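# Overview (structure and organization)
Each chain is listed here by its residues.
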Amino acid sequence: MLPVSKVLTRVIVKKFYERNAGLFFFIFYLMFGIVEPNQIFGYHQSLIYGTLSSTVFLLVVMGVWCLYAIKYLRFILVEFDQPQNKFLLELSKLSPSKLFWSILLTVTLVYEPVLIYSTFIVFLGFAAHQYWPTIAVIVFHSTILISTSFLLARRLNLPHEKTIFSFFPTVRWPWPKPVPIFYISQLVNQLPTVLFFTKAFSVFAIYGFMQIPLDHYEPRVALLGLLIGLMSHSVIIFELRKFEETYLRFLRGMPISLPERFLKMALVYSVLLLPEIGMLALRGVHILDLTGAVIFATGYLTLIHCKLFQSEFNMDKHTTWTLGLFLISFILVLFKIYLIETVLMWGLAYFWLKRDYYGYEVSG
Amino acid sequence: MLSIHKLKKQYGSHLILEIDQLQFDSGLFWIQGLNGSGKSTLLKILGGIIPFKGEVQIDSTSLKKQTTEYRRLVSYVEAEPLYPPFLTGSDLISFYSATRKASKEQLNQLIERFNIQSFVQNPIGTYSSGMVKKLSLVLAFLGNPKYILLDEPLVTIDKDSVPILLELVKKYSDEGINFIFTSHQAFEVSGLAPSQELEVKDTRVCFL
C-alpha cells in the first residue's frame, strides 16, 4: 500500500468503522443473526435471486446502497474539514491520477461491506444467467465508487470551493423573502450539488418504479418509488437543520407562533417536492392519489426535520433513524395503511415541534 | 416590568446562573461581569433564545406560556450575530419589519440613521463585522418591543456610529422602551438617567 493510502486508511477508514461499529453490528445481526446457521446459505441465495429477478427490489437495494454511499461521502467530507486533518490538503500536490487512485482505494475500503455482499450477488447472478441485473449491479457500484472518488479528490484540490459543481445559476428572488425562501436559497446557493443529486435520484426512483408493467392501476407503485426518493432527502434535511443552528438562531427569538413555524417548515418541503410531484403527475397518477402522495411526502420530511430538534444531533443517528422510518413506511405502504401513517406522521411531527422547539439547546 | 423567578441555567453539571428573584422596572440596565460569568447567557434566556428552568415574565406575559406574545415584547441582538450570507440586509429588514409589524417610516429612519443605505442591498456575506453589527442594531430597534436586549452593542461598530446608537437609545427610552445591555463600558447618554448597574458573579445577579 502506498504511504498516502496508509495515511488515508488510518485517518478515514479506521475512524469510519469505529464510528459505525454499532450500525454494522446491527446490520450484520439482521442479515445473519436471525436465521438458523444451517439455513443461512439458502436464505441469502433466495434473497439474492429475489433481488435480481425483481426490478422493484433491485431498486430498493440500490437505494439502500446509495444511502450508505451518501453516509460515507458525508463522513469523509466532514473529516477533511476537521482542523486536525488539514494536513490532508497537502495531498492536492500529488499528480491527479495518483490522488484519484489513493482516494478510490480509501472509498473502496469504506464501501467494502457492500462490495463483499455484492460479489456473491454477481457470482450468483451470472450462474443463474441473470445477466442484465447483474451487469446493472456492477455498473451501479462502479459509478458510486468513481463518482464519490472524483468528488472527494476535487474537494481536496479546491478546499475553499463552496459548491463542487455549479449546476444552478445564482438565483435572486426579487421580492421580500419569506422564511421558506431562506431554506430553499440555502440549498440552491450553498448546496446545489447535494440538491441536484438528491432530486435527480428521487425523480428517477419514481420513474423507475412507474416503469414496472402492471395490468391495472396501482397507486402503491408510485408511492414506493416516492418513498425511495424521500429516503434520499436525509442529507438535505440534516443540512437544513445545521443551517438553522448556525444562521437562523435569531428566528427562535421572533414572535412567530408554533403552528406558523410548523406550516412554514412544511411549506419548505412541499416546495422541495415539486419535481417529484411533477413526475408523478406526468406518469398519470390520479389527482386524488397525487394529493395523498404530496401530503404523505411532506409529512414524512417534516417529521424527520422535527425529530432533529435535539441537543445532540449527528449524522449517524439521523441516518439510522431515517432508515428505520423508511423500512416501516415501506411495509405500511405495501399493506395499504399509508393513510393512517400520514395522519400519524403529521401529528407526531407537530407534537415533537411543540415539545422540543423551545426546549433544546445544541451542545458545543 | 420584566421579572425573573427561580431561574436556573446549567450545562451538564456546570451551573451557570441561579437567580431566585430579579426585577427590571424601567430605564437602562447595564449588566457587568467577567468573561464567561453568564451575562450573554442571561440575555439569551431573556430573549427567548435558549431554554432554562424557572420563570421569566414581562408584566403578566410568561416567556414559557405565551411564547409568541412574550417574544413580541422583547428584541434581542447577539454580540456577534450571524445571518445567512446569501441574504441581503434588505431581505432581513423586510422580514423583521413584517414579523415585528414595524412601520415603513420607522424602517426608513433607522436605515438612514445608521447610514446603511449604501450596502443594505448587498448580500450579508460581503459585509464586514461592523456592517453586520449595524444591521443587527437596526433590526433590534424595529417594531414596538418593551425591552431591547443588546449584548455588547458597542463592540465592532465604528466610533461614528456610537453617538448615533446612544442618541437612538435616548429617543426610544423617552418613548418608554427599556434597555438591558452588557458592555465593558458604560452608556453615557446625556439627558438620560444613568443606567442601573448589575453584576453577574458566581452564578448570581445583583444590583450594584
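Here the residue numbers are simple positions, counted from 1 along each chain's written sequence. Written order determines the labels here, with chains lettered from A and ligands numbered from 1. Residues qualify for local features only when their pLDDT is at least 70, as the model is predicted, and side-chain atom pairs are given and counted only at 80 or more; totals for whole chains, interfaces and linings, by contrast, use all residues. Side-chain descriptors were evaluated using all non-hydrogen atoms of the structure, hydrogens and water having been removed beforehand.

## Quick notes on the overall build of chain B
Helix and strand definitions here come from DSSP, where helices need a minimum of 4 consecutive H or I residues and strands a minimum of 2 consecutive E residues; each element is numbered from the N-terminal end. The helix and strand tally for chain B stands at 6 helices and 10 strands. Projected onto its principal axes, the C-alpha positions of chain B cover 45 × 35 × 30 Å. Throughout, exposure labels follow a simple rule: accessible area from a 1.4 Å probe, protein chains only, divided by the maximum for the residue type, with under 20% read as buried, over 50% as exposed, and the rest as partly exposed. In chain B, which comprises 208 residues, the proportion classed as buried is 57%. Contacts are assigned to residue pairs with any non-hydrogen atoms lying within 4.5 Å of each other. Relative to all contacts within chain B whose residues are 6 or more apart in sequence, the contacts with residues 24 or more apart total 67%. Accessible surface is estimated by sampling points in the Shrake-Rupley manner with a 1.4 Å probe; for residues, cover comes only from the protein chains shown. When the accessible area of chain B is evaluated, it comes to approximately 9200 Å², of which 50% is carbon and sulfur surface. Positive residues here are Lys and Arg, negative ones are Asp and Glu, while His and the chain termini are left out of the count. To locate a charge, take atom NZ for lysine, CZ for arginine, CG for aspartate or CD for glutamate. When the 22 positive and 22 negative side-chain charges of chain B are each reduced to one mean point, those points stand 6 Å apart.

## Some details on the packing of aromatic side chains
Residues and elements named next belong to chain A. In this analysis, rings of Phe, Tyr and Trp, with Trp reduced to its six-membered ring, are considered paired at centre separations within 6.5 Å, and the interplanar angle assigns stacked below 30 degrees, edge-to-face beyond 60, and tilted for intermediate values. Under the criterion given, the structure shown has 33 aromatic pairs over all chains. Where Tyr68 meets Tyr111, the ring centres are 6.1 Å apart and the plane angle is 35°; that geometry is what we call tilted. Remark: Tyr111 occurs in the loop between helix H5 (96-110) and helix H6 (112-127) and Tyr68 occurs in helix H4 (residues 55-81); sequence separation between them is 43 residues. The same class applies to Tyr68 as to Tyr111, namely buried. On the basis of an interplanar angle of 75° and a centroid distance of 5.7 Å, the ring pair of Phe196 and Phe197 is categorised as edge-to-face.

## Topic: the sheet that holds strand E2 (residues 14-24) of chain B
Residue and element names in this part refer to chain B. In spatial order, the strands read E2-E1-E4-E5; together these 4 strands make up an open sheet with antiparallel pairing. Only two strands of the sheet have a single neighbouring strand rather than two, namely E2 and strand E5 (61-62). The pairing of strand E4 (residues 53-58) with E5 spans 2 bridges and is classified as antiparallel. Within E5, the residue paired with Gln57 across the bridge is Ser62. Every angle, taken between N-to-C directions, lies between 0 and 180 degrees, and every axis is a line fitted to C-alpha atoms, over only the stretch in contact when it is a helix. The strands touched by helix H1 (residues 39-46) are strand E1 (2-11), E2 and E4; relative to E1, the strand with the most contacts, the crossing angle is about 120°. For two strands to count as paired, DSSP must find a minimum of two bridges between them.

## Some thoughts on the interface of chain A and chain B
With 27 residues of chain A at the interface, the matching set in chain B holds 27 residues. Two parts lose some accessible area (1.4 Å probe) when they are put together, and adding that loss for both gives the buried area. When the two sides are added together, the surface that chain A and chain B hide from each other amounts to roughly 2400 Å², 65% of it contributed by carbon and sulfur. In what follows, salt bridge is the name for a side-chain nitrogen of Lys or Arg lying within 4 Å of a carboxyl oxygen of Asp or Glu. Across the contact surface, chain A and chain B share 3 salt bridges. A salt bridge links A:Arg249 to B:Glu78; its shortest N-O distance comes to 3.0 Å. We define a polar contact as two N or O atoms separated by no more than 3.5 Å, with the added condition that, inside protein, one atom must be a possible hydrogen donor and the other a possible acceptor, whereas residues neighbouring each other in sequence contribute only through side-chain atom pairs. One can count 7 residue pairs in polar contact (both at pLDDT 80 or more) joining chain A with chain B.

## Regarding the confidence of the model for chain B
Low pLDDT marks stretches whose predicted atomic positions should not be read closely. The score called pLDDT rates the predictor's confidence residue by residue, from a low of 0 to a high of 100. Taken as a whole, chain B shows an average pLDDT of 91; of its residues, 96% reach a score of 70 or greater. Predicted complex, confidence summary: ipTM 0.93, pTM 0.73.

## Considerations on the nonpolar core
As used here, the term nonpolar core means buried Ala, Val, Leu, Ile, Met, Phe, Trp, Tyr and Cys residues forming a set that is joined through side-chain atoms within 4.5 Å. Ranked by size, the top nonpolar core spans 111 residues in total, and within it A:Phe250, A:Tyr300, B:Ile93, B:Phe114 and B:Phe141 carry the most contacts. When neighbours within four sequence positions are excluded, B:Ile93 is seen to be in contact with B:Leu107, B:Ile111, B:Ile116, B:Val120, B:Leu135, B:Val138, B:Leu139 and B:Leu142. Membership of the second largest hydrophobic core comes to 43 residues, among which are A:Val13, A:Trp65, A:Phe75 and A:Leu77.

## A closer look at the environment of B:Ala102
Residue and element names in this part refer to chain B. Relative to the assigned elements, Ala102 resides in the loop between helix H3 (89-100) and helix H4 (104-113). For Ala102, a relative accessible area of 16% puts it in the buried group. Taking the C-alpha atoms as reference points, Ala102 and Gly143, 41 residues apart in sequence, are found 4.2 Å from one another. With residues up to four places along the chain from it excluded, the contact list for Ala102 reads Ser97, Leu142 and Gly143.

## Description of the side chain of A:Glu218
Note on placement: A:Glu218 falls in the loop between helix H9 (192-210) and helix H10 (219-231). Of the polar contacts made by the side chain of A:Glu218, one reaches the side chain of A:Arg220; its length is 2.9 Å.

## Quick notes on the pairing of strand E3 (residues 28-32) of chain B
Residues and elements named next belong to chain B. In terms of residue burial, E3 counts as a mostly covered element, since 4 of its 5 residues are buried. Both E3 and strand E8 (residues 178-182) contribute to a ladder of 4 bridges, which runs parallel. When the bridges of E8 are listed, Phe29 appears paired with Ile180. As paired elements, E3 and strand E9 (residues 196-201) share 4 bridges and run parallel to each other. Bridged to Gln32 within E9 is Glu199.

## Comments concerning H4(B)
Residues and elements named next belong to chain B. Looking at H4, one finds that the buried residues are Gln106, Leu107, Leu110 and Ile111. Burial along H4 is one-sided: seen end-on, the buried residues are contained in an arc of 130°. Exposed residues pointing more than 90 degrees away from the buried face of H4 are listed as Lys104, Glu105 and Glu112. Residues of H4 that are buried make contact with H3, helix H5 (129-141) and helix H6 (161-174). Directly beyond the C-terminal end of H4, a positive phi value near 55° is found at Asn115. When we speak of the arc, we mean the arc of directions from the helix axis to the C-beta atoms.

## A closer look at unusual backbone geometry
Residues and elements named next belong to chain B. Its identity is not glycine, yet Lys6 carries a phi of approximately 50°, on the positive side. Tracing the backbone shows Lys6 in strand E1. Of note, the phi angle at Asp202 is positive, near 50°, even though the residue is not glycine. Tracing the backbone shows Asp202 in the loop between E9 and strand E10 (204-207).

## Description of the packing of helix H1 (residues 3-19) of chain A against H5(A)
All names here are of chain A. Closest axis-to-axis distance for the H1/H5 pair is 10 Å, and the angle between their directions is 25°. Taken together, the axis directions place H1 and H5 in an arrangement best described as roughly parallel. Like other packed secondary-structure pairs, H1 and H5 cross with a definite hand, here right-handed. Along the contact surface, H1 presents Val4, Ser5, Leu8, Thr9, Ile12, Val13, Phe16 and Tyr17, while H5 presents Ser102, Ile103, Leu105, Thr106, Leu109 and Val110. Residues belonging to the contact of H1 with H5 are distributed by class as follows: 10 nonpolar, 4 polar and no charged. In what follows, roughly perpendicular refers to angles from 65 to 115 degrees, roughly parallel to angles under 35, roughly antiparallel to angles over 145, and oblique to any angle outside these ranges. Crossing chirality is assigned from the near helix's rotation relative to the far helix, an anticlockwise turn below a right angle marking it left-handed and a clockwise turn marking it right-handed. Classes in brief: Ala, Val, Leu, Ile, Met, Phe, Trp, Tyr, Cys and Pro nonpolar; Asp, Glu, Lys and Arg charged; the others, Gly included, polar.

## Remarks on the pattern of salt bridges
According to the stated counting rule, one finds 20 salt bridges over all chains in the structure shown. The salt bridge partner of B:Arg113 is B:Glu167, with a shortest N-O separation of 2.9 Å. Separated by 54 residues along the polypeptide, B:Arg113 in helix H4 and B:Glu167 in helix H6 bring together distant segments of the chain. Each of A:Arg241, A:Glu244 and A:Glu245 takes part in one network of salt bridges that share partners.

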